[in-house]
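Observations on the model geometry
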Amino acid sequence: MLHKSLKPFPEEFLWGASTSAYQVEGANLEDGKGPSCQDVKKVPEGTSELDVCADQYHRYKEDIALMAEMGFKVYRFSISWSRILPKGTGEVNPKGIEYYNNVINECLKYDIIPLVTMFHFDMPAALDERGSWSNPESVDWFLEFAKTMFENYGDRVKYWLTINEQNMLTLVGPVIGTLCIPEGCTNVLKETYQQNHHMLVAQAKAMALCHEMLPEAKIGPAPNIALIYPASNKPEDQLAAQNMNAVRNWLYLDMAVYGKYNNLVWSYLEEHDATPEFHEGDAEALANGHPDFIGFNYYSTGTVEASDGTEEGGGDQQNSRGVAGLAKNIKNPNLMKTEFGWEIDPIGFRATLREVYSRYRLPIVITENGLGAYDKLEEDGSVHDPYRITYLREHIKQMQLAITDGVEMMGYCPWSAIDLISTHEGMKKRYGFIYVDRDEFDLKTLNRFRKDSFFWYKKVIASNGEDLSD
Ligand code: BGP
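Per chain, the residues get numbers from 1 upward, laid out in the order the sequence is written. Per-residue local features are limited, in this predicted model, to residues with pLDDT of at least 70; the limit for side-chain atom pairs, both in listing and counting, is 80 or more; totals at the level of whole chains, interfaces and linings are taken over all residues. Side-chain metrics rest on all non-hydrogen atoms present in the structure, leaving aside hydrogens and water.

Some words on the sheet that holds strand β1 (residues 14-18)
Two modes of strand pairing occur in sheets, parallel and antiparallel, and in both the strands are linked by backbone hydrogen bonds. Here, a strand pair is defined by DSSP locating no fewer than two bridges between the strands. Counting from the N terminus, the helices are DSSP H or I runs at least four residues long and the strands are E runs at least two residues long. If you walk across this open sheet you meet the 8 strands as β5-β4-β3-β2-β1-β14-β13-β7, and the pairing is parallel. The open sheet is flanked by β5 (218-222) and β7 (294-297), the only strands paired with a single partner. Each adjacent strand pair in this sheet contributes to an overall mean axis angle of 30°, direction not counted. Contact between two residues is taken to exist if any of their heavy atoms lie within 4.5 Å; hydrogens are not considered. Axis lines are fitted to C-alpha atoms, over the contacting stretch for helices. Their N-to-C directions set the angle, which ranges from 0 to 180 degrees. Contacting β1 and β14 (409-412), helix α14 (residues 386-404) crosses the sheet at an angle of about 175° to β14.

Right under this line is the structure:
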């Protein structure tokens, strides 16, 4: 659609950025925190352990002051489950409660709204030992954690996100250090989708609990949503794109919003004897959980052609290899790539926003979007990252076009507020507006430096998205 004029960003638009606890905080076993699955996993060769990260645990005041300097209206961060409940259930760690009280209060001091992710890839290790999400009790574990957060922070936190990228946990869990498949499992697909089912029920119950305990608060899911294109106008490719959209995207949002399994995914699971078992009360719980908004992470679209039945799965969040019988992933020759091989598709961002809004009609907050790159700290303390500015500018432009198309947007939180450790590619893959002085293995000073994108984003926020110039 060609527009004659653009609609402005809404007045109360929430500009900010995101982080997650296990990637940014460090202090992974300090002050009573129990280990999470991220602390006990074997990190990919050549990448840092997750024990220090950006050391935000000790430097949150400085970090939040820098976010305030950029003009953030919102800061999306996650609460580490095992910092609050070191064993996942039972005993609460007062130091953990205190830490997030401090973070929340520090945000509020600068009028920054905390947007809290309840679960971001960091299952307590003690619960992994009890079967993690494969144990039907995991639903209750998660609710206990949710209740503890609502009780302690609900007076000040008005925006909540349930589970970060549940679709990636399900599709590429091993790559990001999650998803444990019990030994001897004979039907991995069924096991995976049973775990996924438990997460869906946990999410629905957490949304209902939030509405019951905190009637003023708003809550939504945070999957990684990316429109999947057909590789050509062959009808077979179009069917493949529908399959992949269903299994990667719509399953998660259909369930969060309508409480129903996507029919294509359900048929696929039936074919593989992999439909999840419903426990008593699950169907009601799924029907009773309603999000107030949709949060989603967007990095790039995908492209597929018809499956030949031999695709092996795997890949990472953006480089999927496809799903046998559903779709074969292929590279899109029309798109550029980041230094880490992820395709860049700002127009696909607009297309994804249009599609999500027309399917679900709920306001949208973008909970991640960004470019991972090798940044360089200059001797004078500057960091020149024009590639990041270009990436974000093009996405913001497309977001404004989507608003003009009639999409209701609440906010935009790129990944990431500050440099942190990537899910599987270490410290060298940086995303932040704030540079952290450390390398993969050399912790250096851990001092903070403002990148060029820091000053640029500050101007973007101050002009409510009007000034995107360098
Ligand atoms: C998302 C995750 C984040 C994050 C980001 C960038 O999938 O929610 O935790 O790290 O992608 O990915 P990566 O770190 O793999 O570059």
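Now that the structure has been shown, the text picks up again.
Some thoughts on the pattern of salt bridges
Salt bridges are defined by distance alone: a side-chain nitrogen of Lys or Arg within 4 Å of a carboxyl oxygen of Asp or Glu. Summed over all chains, the structure comprises 25 salt bridges. Put simply, Lys376 and Glu378 hold a salt bridge, and the shortest N to O gap is 3.4 Å. Each of Asp375, Asp385, Arg388, Asp419, Arg430 and Lys451 takes part in one network of salt bridges that share partners.

Some points on the side chain of Glu368
Residue position: Glu368 is located in strand β13 (residues 364-368). The classification of residues rests on relative accessible area computed with a 1.4 Å probe and restricted to protein chains. Under 20% of the type maximum is buried, over 50% is exposed, and intermediate values are partly exposed. Classification of Glu368 as buried rests on a relative accessible area of 4%. Polar contact is defined as a pair of N or O atoms within 3.5 Å, subject to the rule that within protein one atom must be able to donate a hydrogen and the other to accept it, and that residues adjacent in sequence are counted only when both atoms are side-chain atoms. Within the structure, the side chain of Glu368 is placed 2.9 Å from the side chain of Arg76, a separation counted as a polar contact. Here the side chain of Glu368 touches Asn297 through a polar contact of 3.1 Å, side chain to side chain. Those residues in contact with Glu368 that lie beyond four places of it in its chain are Ser18, Arg76, His120, Asn164, Glu165, Phe296, Asn297, Tyr298, Tyr299, Cys413, Pro414 and Trp415.

Comments concerning the packing of helix α3 (residues 56-70) against helix α15 (residues 452-462)
Where α3 contacts α15, the two axes come as close as 8 Å, and the packing angle between them is 55°. Here α3 is positioned oblique relative to α15, judged by the angle of their axes. Every residue of α15 that contacts α3 at Leu66, Glu69 and Met70 is listed here: Phe454, Tyr457, Lys458 and Ile461. Among the residues forming the contact of α3 with α15, the class breakdown is 5 nonpolar, no polar and 2 charged. Here the word oblique covers every angle except those under 35 degrees (roughly parallel), over 145 (roughly antiparallel) and from 65 to 115 (roughly perpendicular). Note that Gly is not counted as nonpolar here; it falls among the polar residues with everything else outside the nonpolar set of Ala, Val, Leu, Ile, Met, Phe, Trp, Tyr, Cys and Pro and the charged set of Asp, Glu, Lys and Arg.

Taken by themselves, the reported measurements are silent on function.
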